[in-house]
Amino acid sequence: MELMVSVRELVEFVLREGDIDNRTHINAETAMQAGGRIHRMIQKKQGPSYHAEVPLSYTIHSRKYDLTIEGRADGIVEGDIVLIDEIKGTYKNLEHLDDPVAVHLAQAKVYAAIYLITHELNKISVRLSYCNLDTEKMKYFEYLFTSSQITSWFDDVIAKYQKFTDFAADWRKERNSSIKSLSFPFPYRKGQKELAAGVYRTIVHGKKLFLEAPTGTGKTITTLFPSIVAIGQEKAEKIFYLTAKTITGQVAADTVKLLRIHQNLRLKTITLTAKDKICFLEKSNCNPESCEYAKGHFNRINEALYDLLTHEDDFSRDTIRYYAQKHKVCPFEFSLDMSLFADMVVCDYNYVFDPFVYLKRFFAEGKKDQYIFLIDEAHNLLDRGQNIYSSELYLEDAQNLKDITSSLGSFPFKAHLTRLCNLLDEMYDDNKPKILFSIEPLTDAVQRLYSAISSYLDENRQDTCRDDILDYYFKLSKFLVIYDMIDEHYRIYQEVDEQKGFRVRVLCADPSSGLGACMQKAVSTILFSATFLPIQYYKKLLGGTDEDFEMYATSVFDPEKRELILAKDVTTRYVDRGPVQYSKIAEYIHLMVNSKKGNYMAFFPSHAFLENVYEMYMSKYAGEDDVEILIQGEGMSDEEREEFLARFSEGNSLELSNIIQMDVEYVDNTSVLGFCVLGGIFGEGIDLKKDSLIGSIIVGCGIPLVCNEREILRHYFDDMGQDGFSYAYRYPGMNKVLQAAGRVIRTKEDEGVVALLDNRFLQWEYKSLFPREWNKIDVVSSDMVERRLEDFWNKRNNSSD
């Protein structure tokens, strides 16, 4: 067995010490990007005896495994005494740097130890070369070590690390042995065995799979089981189960728990929780003065890691918090470190794809390893990817910071901030949006302000405006990083935003390049969703290639248990909206909820449209329908969302908060009607089984509102030779429709009605996007629908008899 660790990972794991402090090292990301340029500049200035970027490795052999330590020394200078040079770029004022950073020195010493041992030297020299990224001034720290000094130190570092690698080697053997005896935990549903085999083949061939898997196909276990089997066969080493929502990640964690209980699977798993949801403080503030868990965190963290690692397999949120309290360490940073030792990491998309929060432990510096990415509800990754790789600057933000810092009097970055405000003000145009082809003066001003703020923050840790300055500093950082990513997949534009005023936005229209690059860091990626139509649209924009695979799972549900109706006498086109159409829609809702007592959700294009239909419905049917009405509020909290959904569960009598409107007191066995927004929090990711929901009324085709950004996307895809309207409007809209329709039939026992209220669904452009299982649709008008619904429910009642 061979284990590998980089020099940097080794020293940062073994030799870390001190506090977590969010007031320091704030510019590491941008410094790292600029550092490449500085490295090359310094290396070119050296003489002929200087060798740059020298790969070094050293393997330690043991009975259980071989441990290989590898890295690339920035520079090696030949001479009577060989010198190992470690170059570090920083925005810090070098006059305040009295000693090298401990882990920087340790990194150089490991390179020195490896070189000395492999070349059988008696002594070796180490130099730390710090360069200020703004001024390019240098400061050096140089040390001489004898062979006994450097090898003794190196042996001690290795011994501390081998405590963990010894356990990892034993665990891998135990884990793989348990996987070999694993069997699929359920009877295979129709087509499920073929899907699992397809996932396994994809992993073996090192490809991506785009899997359209309708609700009920068991896509979680169907993707997870073959991935675990692949780990047991050493075709992969770690699974990343990536989700857009916490609830879908919990399903994956529960699936592994089931395999542990019933088949004695040994698999260590962790679910990464957002910092604010796992922190012990009411509001996280990660510095030793505000948090006792941040103070001395790094002095205690490795002991905490080993304790949890050797006693638990499920690193759940509660388990992490328990051990964090026991060892007095930050639970969030603790969980990130524990991911190193987990066989499966359940986390949000951002931990892999976002360049600002991705897990550097795994994905930094172009690393690729034996990972499997399982991407759940992958249709959500498109919008997320576009947002991740886009950024903007608001004039209002710059002006606000200028006002806030006015109390500081004269401060080092005042002139740069004023310059940026003036530039944005000069660009301001409230007439119409404008595509920009070059913003070099703006980015130059941003870079200068960013550097000036960085130096200021290093030297002013207690400033009263520090939080505001730091917040804006991060916005500048993101803008600069995203601007450096610009290629043919981007558009830059300016506009006046209704919420925050004038902005310059760098828009990633096609995130395939960024997403695809991240997926290259895994041996295989499985992307799956119940609504992956059209598959080529998602495959193109999510980083797929012609060599990657596609599969379509067959629905396991009885089509006789679902009535699908399409209203030919309703339109939601903007020009036709008004009392006539609102009345017609209200009539359909009335007829639906009166066809059978039960729970229904009606989905609308917007809150404004919802309110218009709601008012019409109440004016016509409030005293007639025996139904409790709930309205989705804007900006609902997690608690309000759960209360809303609780009303759809049988026998639940939770009190609702004031934000959710009720028009009828709750009575057992009363029908419930939810007025919701299409594409909102109730449009997907909720699991209302059996009688919890028997009808979904979908008003409109889900087409996003026309706005500047949507129009830019439309023109962009037209320019790329695609159907711009479909890419910007029709496909995203239909995905929301299909998600809302999927709320009704969740299990083989479920039965219900899906109503599509818009005659545009009759057009080929929309019908071609219907899933295969929608092969029987009843086209109706309001004078026909009551009879159709009556016939359907009578058939269902007769079949149950």
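Predicted, not measured: the structure shown is a model, and the values here were computed from it. (Residues numbered from 1 in each chain as written. Predicted model: local features only at pLDDT ≥ 70, side-chain atom pairs only at ≥ 80, totals over all residues. Heavy atoms only, no water.)

## Quick look at the overall build of the protein
The cut-off we apply is this: The helix count covers DSSP runs of H or I at least four residues long, the strand count covers runs of E at least two residues long, and both are numbered beginning at the N terminus. Our radius of gyration is a C-alpha quantity, and the globule rule it is checked against amounts to 2.2 Å times the number of residues to the power 0.38. The buried label applies to any residue whose accessible area, calculated with a 1.4 Å probe on protein chains only, is under 20% of its type's maximum; exposed applies above 50%, and partly exposed to all values in between. Whether two residues are in contact is decided by their heavy atoms: any pair within 4.5 Å suffices. We get accessible surface area from the Shrake-Rupley algorithm with a probe of 1.4 Å; when it comes to residues, only the shown protein chains can shield them. Counted charges follow a simple rule, with Lys and Arg positive, Asp and Glu negative, and His plus the chain ends left uncounted. Throughout, a charge is located at the NZ atom of Lys, the CZ atom of Arg, the CG atom of Asp or the CD atom of Glu.
Counting its secondary structure elements, the protein contains 27 helices and 26 strands. Relative to the compact-globule value of 28 Å for 801 residues, the protein shows a C-alpha radius of gyration of 30 Å, a close match. If one aligns the C-alpha atoms of the protein with their principal axes, the spans along those axes are about 95 × 70 × 50 Å. A burial count over the protein gives 56% of its 801 residues as buried. When contacts within the protein are restricted to residue pairs at least 6 apart in sequence, those whose partners lie at least 24 apart make up 78%. Accessible surface for the protein amounts to roughly 35400 Å². Of this, 47% is attributable to carbon and sulfur atoms. Side chains of the protein carry 96 positive and 122 negative charges; the gap between the two charge centres is 4 Å.

## Concerning unusual backbone geometry
With an omega of -5 degrees, the peptide bond running from Leu 533 to Pro 534 counts as cis. Relative to the helices and strands, Pro 534 is located in the loop between β17 (524–529) and α20 (535–541). Located in the positive-phi region is Asn 264, a residue other than glycine, with phi close to 55 degrees. For Asn 264, the location among the structural elements is in the loop between α7 (246–263) and β9 (269–271).

## Observations concerning the nonpolar core
Heads up, the rule is: For our purposes a nonpolar core is just a set of buried Ala, Val, Leu, Ile, Met, Phe, Trp, Tyr and Cys residues, chained together by side-chain atoms within 4.5 Å.
Formed by 196 residues in total, the largest nonpolar core has its most connected members in Ile 69, Phe 240, Phe 334, Phe 353, Ile 375, Met 601 and Leu 756. The contacts of Ile 69, once residues within four sequence positions are left out, are Val 5, Val 7, Leu 10, Leu 56, Ser 57, Tyr 58, Ile 60, Val 110, Ile 114, Phe 154 and Ile 158. In terms of nonpolar packing, the next biggest core, distinct from the first, is built from 38 residues, Ala 586, Phe 609, Leu 757 and Val 780 among them.

## A few points about the pairing of strand β21 (residues 627–631)
To keep things clear, this is the line we draw: For two strands to count as paired, DSSP must find a minimum of two bridges between them.
The buried fraction of β21 is high, at five of five residues. Judged by which residues are buried, β21 turns out to be covered on both faces: Val 627, Ile 629 and Ile 631 on one side and Glu 628 and Leu 630 on the other are all buried. Bridge count between β21 and strand β23 (residues 671–677): five bridges; the pairing is parallel. Along β23, the bridge assignment pairs Glu 628 with Val 672.

## Overview of the packing of helix α4 (residues 147–180) against helix α6 (residues 219–232)
Quick note on the threshold: Fitting a line to C-alpha atoms yields each axis, with helices limited to the stretch in contact; the angle taken between N-to-C directions then spans 0 to 180 degrees. Each angle is binned into one of four classes, with values under 35 degrees roughly parallel, values over 145 roughly antiparallel, values of 65 to 115 roughly perpendicular, and all other values oblique. If you view the pair so one helix is near and one far, a crossing is left-handed when the near helix is turned anticlockwise from the far one by less than a right angle, and right-handed when it is turned clockwise. Only Asp, Glu, Lys and Arg are considered charged in this grouping, and only Ala, Val, Leu, Ile, Met, Phe, Trp, Tyr, Cys and Pro are considered nonpolar; every other residue, Gly among them, is considered polar.
Where α4 meets α6, the closest approach of the two axes is 8 Å, and the angle between their N-to-C directions is 130 degrees. In terms of their interaxial angle, α4 and α6 are classed as oblique. Once α4 is placed against α6, the crossing between them reads as left-handed. Seen from α4, the contacting residues are Arg 175, Asn 176, Ile 179 and Lys 180; seen from α6, they are Ile 228, Val 229, Ile 231 and Gly 232. Here the contact of α4 with α6 is composed, by residue class, of four nonpolar, two polar and two charged.

## Looking at the environment of Asn 264
On the basis of relative accessibility, which here comes to 54%, the residue Asn 264 falls in the exposed class. Linking Asn 264 and Lys 139, residues 125 residues apart in sequence, is a C-alpha distance of 57 Å. Filtering out sequence-adjacent residues up to four positions away, Asn 264 remains in contact with Ser 178 and Leu 259.

## Side note on the pattern of salt bridges
The condition that has to hold: In the sections that follow, a salt bridge refers to a side-chain nitrogen of Lys or Arg positioned within 4 Å of a carboxyl oxygen of Asp or Glu.
Under the definition given, this model contains 42 salt bridges. Of the charged contacts, one joins Arg 503 and Glu 392 as a salt bridge, the two residues approaching to 3.7 Å between their closest N and O atoms. Linking Arg 503 in strand β16 (residues 501–508) with Glu 392 in strand β13 (residues 391–394), this pair joins segments that are 111 residues apart in sequence. Look at Glu 392 and you get partly exposed, because its relative accessible area is 26%. With a shortest N-O distance of 2.8 Å, Asp 397 and Lys 500 are connected by a salt bridge. With Asp 397 in helix α15 (residues 395–404) and Lys 500 in the loop between β15 (490–497) and β16, this residue pair connects regions lying 103 residues apart in the sequence. Via salt bridges that share partners, Glu 392, Glu 495, Arg 503, Arg 505 and Glu 709 belong to a single interconnected network.

## Looking at the packing of aromatic side chains
Selection criterion: Two rings from Phe, Tyr or Trp (for Trp, the six-membered ring) form a pair when their centres are within 6.5 Å of each other. A pair whose planes differ by under 30 degrees is stacked, one over 60 is edge-to-face, and the rest are tilted. Charges are assigned to positions over rings by a cutoff of 6 Å between ring centre and Lys NZ or Arg CZ, combined with an angular limit of 35 degrees from the ring normal.
Applying the stated criterion across every chain yields a total of 48 aromatic pairs. Taken together, Phe 210, Phe 532, Tyr 537, Tyr 538, Tyr 716, Phe 717, Tyr 727 and Tyr 731 form an aromatic cluster joined through their ring pairs. Lys 500 extends its terminal NZ or CZ atom over the ring of Tyr 394, reaching a point 4.5 Å from the ring centre.

## Examining the pairing of strand β3 (residues 66–77)
As judged from the five bridges shared by strand β1 (residues 2–6) and β3, these two strands associate in the parallel manner. Residue Glu 2 lies in a different strand from β3, and its bridge partner there is Asp 66. Relative to β3, strand β2 (residues 50–61) runs antiparallel, the two sharing eleven bridges. If you follow Ile 60 over to β3, its bridge partner there is Leu 67.

## A few points about α6
Applied cut-off: Working rule for helices: expected span equals 1.5 Å times residues minus one.
Under the 1.5 Å per step criterion, the end-to-end length of α6 is 20 Å for 14 residues, consistent within 8% with the ideal 20 Å. Within α6, 14 of the 14 residues are buried, which leaves it mostly tucked inside the rest of the structure. Of the residues one or two after α6, Glu 234 is the one with positive phi, at around 60 degrees.

## What to know about the environment of Gln 494
The condition that has to hold: For the purposes of these results, a polar contact is taken to be a pair of N or O atoms within 3.5 Å, where, inside protein, one atom must be able to donate a hydrogen and its partner to accept one; residues adjacent in sequence count only when each atom of the pair is a side-chain atom.
As for its position among the elements, Gln 494 is in strand β15. For Gln 494, a relative accessible area of 2% corresponds to the buried category. Gln 494 sits 139 residues away from Gly 633 along the chain, and the two C-alpha atoms are 31 Å apart. If near-sequence neighbours (up to four positions away) are discounted, Gln 494 is found in contact with Met 427, Asp 429, Pro 433, Lys 434, Leu 436, Phe 502, Arg 503 and Val 504. Here the side chain of Gln 494 touches Met 427 through a polar contact of 2.9 Å, landing on its backbone oxygen.

## Focus on the sheet that holds β13
The four strands are arranged β13-β16-β15-β14 in an open sheet whose pairing can be described as antiparallel. A single partner strand is all that each edge strand has here, and the edge strands are β13 and β14 (434–436). Strand-to-strand, the axes of this sheet are offset by a mean angle of 25 degrees, without reference to chain direction. In terms of strand pairing, β13 meets β16 through four bridges, oriented antiparallel. Looking at β16, one finds that Leu 393 is bridged to Val 504. Contacting β13 and β16, α15 runs over the sheet at an angle of about 50 degrees to β13. Here helix α16 (residues 414–427) sits on the sheet in contact with β13, β14, β15 and β16, set at roughly 90 degrees to β16.

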